Amino acid sequence: TDSSMRCKTLIALALLLPTALAVRAEGGAEAFGRGDFAAAAARFEAGAAAGDATAQNNLGVLYLRGKGVAQDYGRARELFEAAARQHLPGAMFNLGMMHLRGYGMQAQPGVAADWFARAAALDDREAQFFLGVLLTRGDGVPADPTRAKALFLAAALAGLPAAQFNLAMLYLDDPKPGEDEAAALQWLEAAAKQDYPRAKLHIAKLDLRHNDEPGRLEHAATLLRELADAGEPEAQMEFGLLNLFGKGLPKNEDEG
């Protein structure tokens, strides 16, 4: 299960930077976009003081990262909590990440799961994903594969590539009636279209299972070449074997 997805402390900011925030924060979004974090912090501070949840969340992100302000986990948490009280799902997610990663506190996956659950109920796809990861592992909460799968599906339908990948892995690892390789492949392809490398690698692995189908082998070779050139070690190994044995491409022992 992929839990290496980047922390949404910056995802939240990216998702909350459209025009509504720009108006409320009087140019904070534009300042952030051009890398003027001090100016962004000043504008978000004004909005946060006025009680604007989006500005509170985004200012919290800057305090968490030490961008434009001195890093201050306590202040970040206060701001996220203020925004969460106004039912902002991104702030709930960020609180979950603080507790999960132990930013300024001892890591508490159970508390993190609670915040993720609150944000997931408001259709935050990253919260759905991370709650699914915790439920898969039984980390901070009792393991619940059925609920985890439902959360991955919700996030996958919302277009999150990490969730699409995890859902495909669940289909392959523990298939249920009607959940075959083709269903897993559909989700892997959806993630691959968003340049999710692990999805491309697993598509190639599925192709290699069909070594009696030249088209599948050629497709695997194309994907593995791309990933190998990008430095993915497992893809380099697999692509080397294809070259050595001439599978899906002309035999080339030197290249292999």
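The rules we used
- Residues numbered from 1 in each chain as written.
- Predicted model: local features only at pLDDT ≥ 70, side-chain atom pairs only at ≥ 80, totals over all residues.
- Heavy atoms only, no water.
- Salt bridge = Lys/Arg side-chain N within 4 Å of Asp/Glu carboxyl O.
- Helix = DSSP H or I, 4+ residues; strand = E, 2+ residues; numbered from the N terminus.
- Buried < 20%, exposed > 50% of the residue type's maximum accessible area, 1.4 Å probe, protein only.
- Contact = heavy atoms within 4.5 Å.
- Patch = residues over 30% accessible without salt bridge, like charges linked within 9 Å, V, L, I, M, F, W, Y side chains within 5 Å.
- Areas by Shrake-Rupley, 256 points an atom, 1.4 Å probe, with all protein chains shown as cover.
- Phe/Tyr/Trp six-rings, centres within 6.5 Å; stacked < 30°, edge-to-face > 60°.
- Lys NZ or Arg CZ within 6 Å of the ring centre and 35° of its normal.

Peer 1: Is there a simple way to explain the pattern of salt bridges in this structure?
Peer 2: Within this structure, the stated rule accounts for 12 salt bridges. As a salt-bridge pair, Glu181 and Arg209 come within 3.7 Å of each other at their nearest N and O atoms. Of the two residues, Glu181 is situated in helix H12 (residues 181-192) and Arg209 in the loop between helix H13 (197-208) and helix H14 (214-229); the sequence distance between them amounts to 28 residues. For Glu181, a relative accessible area of 23% corresponds to the partly exposed category. Across the pair Glu226 and Lys200 runs a salt bridge, and its minimum N-O distance is 2.5 Å. Of this pair, Glu226 sits in helix H14 while Lys200 sits in helix H13, and the two are 26 residues apart along the sequence. A cluster of three or more residues bridged by salt bridges with shared partners is formed by Glu181, Asp207, Arg209 and Arg216.

Peer 1: Just checking my understanding: could you explain the side chain of Gln128 for this structure?
Peer 2: As for its position among the elements, Gln128 is in helix H9 (residues 125-137). The contacts of Gln128, once residues within four sequence positions are left out, are Ala120, Asp123, Leu151, Ala154 and Ala155.

Peer 1: Help me understand a nonpolar patch on the surface in this model?
Peer 2: A grouping of Met237, Leu241, Leu244 and Phe245 is seen on the molecular surface, where their side chains present a nonpolar patch of about 390 Å² in accessible area. For Leu241, the position within the fold is in helix H15 (residues 233-245). In this structure Leu241 comes out as partly exposed when scored by relative accessible area, which is 37%.

Peer 1: Would you take a moment to explain unusual backbone geometry for this structure?
Peer 2: Unlike most non-glycine residues, His87 shows phi in positive territory, near 65°. Position of His87 relative to the elements: it lies in the loop between helix H6 (73-84) and helix H7 (89-101). A residue is classified by how much of its surface remains accessible, and His87, at 58% relative accessible area, is exposed. Phi at Asp195 takes a positive value of approximately 60°, unusual for a residue other than glycine. On the secondary structure map, Asp195 appears in the loop between H12 and H13.

Peer 1: I keep staring at the environment of Val133 and nothing clicks. Help me out?
Peer 2: Looking at where Val133 falls in the secondary structure, it is placed in helix H9. By relative accessible area, Val133 is classed as buried at 2%. Taking the C-alpha atoms as reference, Val133 lies 9.0 Å from Asn166; in sequence the two are 33 residues apart.

Peer 1: For this particular structure, what's the right way to read the packing of aromatic side chains?
Peer 2: In this description, an aromatic ring pair is defined by two values, namely the gap between the centres and the angle between the planes. All chains considered together, the criterion is met by eight aromatic pairs. Between Phe93 and Phe130, the aromatic rings sit 5.7 Å apart at their centres with planes inclined by 65°, giving edge-to-face as the arrangement. You can see Phe93 sitting in helix H7 and its partner Phe130 sitting in helix H9, a full 37 residues away along the chain. By relative accessible area, which is 0% here, Phe93 ends up buried. The buried category is assigned to Phe130, whose relative accessible area is 2%. Ring geometry for Phe165 against Tyr196: centres 5.7 Å apart, planes inclined by 50°, an arrangement best described as tilted. Of this pair, Phe165 sits in helix H11 (residues 161-173) while Tyr196 sits in the loop between H12 and H13, and the two are 31 residues apart along the sequence. Residue classification places Tyr196 among the buried positions, given a relative accessible area of 13%. By the ring-pair criterion, three or more aromatic residues cluster together here, those being Phe93, Phe116, Phe129, Phe130 and Phe152. Its guanidinium or amino end placed over the ring of Trp115, Arg118 lies 4.2 Å from that ring's centre, counting from NZ or CZ.

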